[in-house]
Amino acid sequence: MLKIYNTLTRKKELFQSREPGKIGMYVCGMTVYDYCHIGHARVMVVFDTVARYFRYSGYQLTYVRNITDIDDKIIQRANENGEDIKTLTERFIEAMHEDERALAVLPVDIEPKATGSIPDIIAMIERLIAQDLAYVGGNGDVFYHVAKFENYGQLSGKNLADLQAGERVDVDMAKQNPLDFVLWKMAKSNEPAWDSPWGLGRPGWHIECSAMSTCCLGNHFDIHGGGMDLQFPHHENEIAQSEGATGEKFVNYWMHNGFVRVDNEKMSKSLGNFFTVREVLKQYTPEVVRFFILSSHYRSPLNYSDESLNDAKAALTRLYTALRNVAVLDAPVQDDYKSRFEQAMDDDFNTPVAVSVLFDAARELNKIKEVEPEKASIVATTLKALAGLLGLLQDDSDSFLKGGATETVANDEGGLQSADEHIEQQIQARIEAKKAKNWALADQIRDELKERNVILEDSPDGTTRWRRN
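Just so you know, these numbers come straight off a predicted model, no measurement behind them.

Criteria and thresholds
Residues numbered from 1 in each chain as written. Predicted model: local features only at pLDDT ≥ 70, side-chain atom pairs only at ≥ 80, totals over all residues. Heavy atoms only, no water. Helix = DSSP H or I, 4+ residues; strand = E, 2+ residues; numbered from the N terminus. Buried < 20%, exposed > 50% of the residue type's maximum accessible area, 1.4 Å probe, protein only. Contact = heavy atoms within 4.5 Å. Phe/Tyr/Trp six-rings, centres within 6.5 Å; stacked < 30°, edge-to-face > 60°. Axes fitted to C-alpha atoms, helices over the stretch in contact; angles between N-to-C directions. Parallel < 35°, antiparallel > 145°, perpendicular 65-115°, else oblique. Salt bridge = Lys/Arg side-chain N within 4 Å of Asp/Glu carboxyl O. UniProt positions renumbered as here; feature names shortened; annotations may be inferred. Core = buried A, V, L, I, M, F, W, Y, C linked by side-chain atoms within 4.5 Å. Domains from an automatic or database assignment. Pairing = 2+ DSSP bridges.

**Examining the overall build of the protein**
Each helix and strand in the protein was counted, giving 16 helices and 17 strands. With respect to the three principal axes, the spread of C-alpha positions in the protein is 95 × 50 × 35 Å. Expressed as a percentage of the 469 residues in the protein, the buried residues total 52%. If you take every contact in the protein between residues at least 6 apart in sequence, the share linking residues at least 24 apart comes to 72%.

**Focus on the packing of aromatic side chains**
As enumerated under the stated definition, the model contains 18 aromatic pairs in all. Centre to centre, the rings of phenylalanine 221 and phenylalanine 250 are 5.3 Å apart; their planes meet at 80°, and the pair counts as edge-to-face. Here phenylalanine 250 lies in the loop between helix 7 (231-246) and strand 10 (251-257) and phenylalanine 221 lies in strand 9 (residues 221-227), a separation of 29 residues in the sequence. Take phenylalanine 221 and phenylalanine 250: they sit in the same class, and that class is buried. Between phenylalanine 275 and tyrosine 304, the ring centres sit 5.1 Å apart and the planes meet at 35°, which makes this aromatic pair tilted.

**Some remarks on the environment of cysteine 216**
As for its placement among the helices and strands, cysteine 216 is situated in helix 6 (residues 205-217). The class for cysteine 216 is partly exposed, based on a relative accessible area of 26%. In this structure, the C-alpha to C-alpha distance between cysteine 216 and tyrosine 63, residues 153 residues apart in sequence, is 9.5 Å. Once residues lying within four places of it in the same chain are set aside, the contact partners of cysteine 216 are Val64, Ile110 and Pro112.

**Concerning the packing of helix 9 (residues 286-294) against helix 10 (residues 306-323)**
Running from amino to carboxyl end, helix 9 crosses helix 10 at an angle of 105°, the nearest separation of the two axes being 9 Å. In this view, helix 9 runs roughly perpendicular relative to helix 10, as classed from their interaxial angle. Contact residues: Glu287, Val288, Val289, Phe291 and Phe292 in helix 9; Ser308, Leu309, Ala312, Lys313, Ala315, Leu316, Leu319 and Tyr320 in helix 10.

**Focus on the pattern of salt bridges**
Tallying each qualifying case throughout the model produces 26 salt bridges. Residue arginine 77 is joined to glutamate 80 by a salt bridge in which the shortest nitrogen-to-oxygen separation is 3.5 Å. With a gap of three residues between them, arginine 77 and glutamate 80 both fall in helix 2 (residues 72-81), about one helical turn apart. With its nearest N and O atoms 2.9 Å apart, the salt bridge here joins aspartate 458 to arginine 446. With a gap of 12 residues between them, aspartate 458 in strand 16 (residues 454-458) and arginine 446 in helix 16 (residues 439-451) connect regions that are remote in the sequence. Overall, aspartate 458 belongs to the partly exposed group, its relative accessible area being 36%. Overall, the relative accessible area of 28% leaves arginine 446 in the partly exposed class. Beyond isolated ion pairs, a larger network of salt bridges with shared partners links Asp72, Lys185, Glu191 and Arg202.

**Things to note about the UniProt feature "short sequence motif: 'HIGH' region" (unreviewed entry) in the protein**
Within this numbering scheme, the UniProt entry marks residues 30-40 as carrying the feature "short sequence motif: 'HIGH' region" (unreviewed entry). End C-alpha atoms of residues 30-40 are separated by 7 Å, and the span's content is 27% helix alongside 0% strand.

**Things to note about the nonpolar core**
Counting 128 residues, the largest nonpolar core has Met25, Phe54 and Phe349 as its most contacted members. Considering every element that reaches this core, the biggest residue donor is helix 1 (residues 38-56), with 11 residues. Split by domain, the residues of this core number at least three in each of domain 1 (18-257) and domain 2 (262-401). For phenylalanine 54, the residues in contact, after removing those within four places along its chain, are Leu2, Ile4, Phe15, Ile23, Met25, Tyr59, Leu61, Ile223 and Phe349. Counting residues in each nonpolar core, the second largest holds seven residues, with Ile427, Ile445, Leu449 and Leu456 among its members.

**Points about the pairing of strand 1 (residues 3-6)**
Taking every second residue as pointing to the same face, the buried face of strand 1 carries Ile4 and Asn6, while none of Lys3 and Tyr5 on the other face is buried. Here strand 1 pairs with strand 2 (residues 11-14) via four bridges, running antiparallel. Along strand 2, the bridge assignment pairs tyrosine 5 with lysine 12. Counting the residues in the hairpin turn of strand 1 and strand 2 gives four residues, including arginine 10, whose phi is positive at 60°.

Structure representation (structure tokens):
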């Protein structure tokens, strides 16, 4: 019985899809003028995990995540680069997809672009004007009339009186009310523009998502997700636009993931603690980053630090070490671990508790793999299958533990060889030293490898495995 924390009602609710067995989910995507940062990575991984679990649970899911490819920041960046806007956005869309693939984020079902949705955006604005919820301002822009939407503030818990009294809002003499927000911006020179009933212009940010979500999923759908920073005003404005235009309830369940903090401070470019996914992946493997994101509940703040990433790497290493040299079978998942895993995920996608189930399986595996190999294979199969539902433990154990290093070192003949080959040769030399009872040389080789962060693991059968620390 899946329960989801609904931001709209501020409580966990039993999930019931609008249509039996089918789910429509829309997540606000990226504004593509730069590389994705670690906050974007959290949105990608969190809702990819939600999508994976819905499909595992037997639902037919339609997962929509939009791309904002026209916006003030995009125009500014293109001008700074002396670059065509389409060239800029397509470059960063491809970079976003590369980051997704690295983080084992599966492709979404529908990925609409704002520039491809202009007719739908214009049609929605026309409906809002016809219902007296929007108007043409003194500067020719079209604005939403916030005071005329009765339930404005329901998602964020804000009310109009408080907003008007103290909320910092844009001051614009073209508006009838400072809280009103733009739906259509009149064209400026040297900016992209589309023809409309109000003249050449381009859409405001908020209306894009209302048009794209309802066109892809219908006027009323199951889940809308995004980062907590979008709750107000973006998602609040989406509700006002969509429900105002259609007269129907917009979304049943609102899901928001928590902020990413860096060393317990808010991540921002001004503080110099802003990290792109690509920068992080130079230091840590993608699966470590994914594990790090899932090690915290999606609604909790996520504190990014080297210590946190190193802890994630160590934890993932323990799981891979448990799986090492154990056969994974084509067999059913063990019921006890499966039920505990599902119980965790059914509790508002509680991935930290689900991950703890993986560690329980790994501990059992470590206890029995040398003495009960057949049972160990069953446990390993369960561990691999449940981790796969989170997009984890997708690598080969040896490949992960050895780090996939490609550096070269000098060999005894003065040439070059791969570091891995050199380590294997050193291990063989140590085995020969032990056979000759030259314990001092064997210990020396072990110590030299340890100094290079290579850990040796001797097995009772006389074989030696290694991993990078």
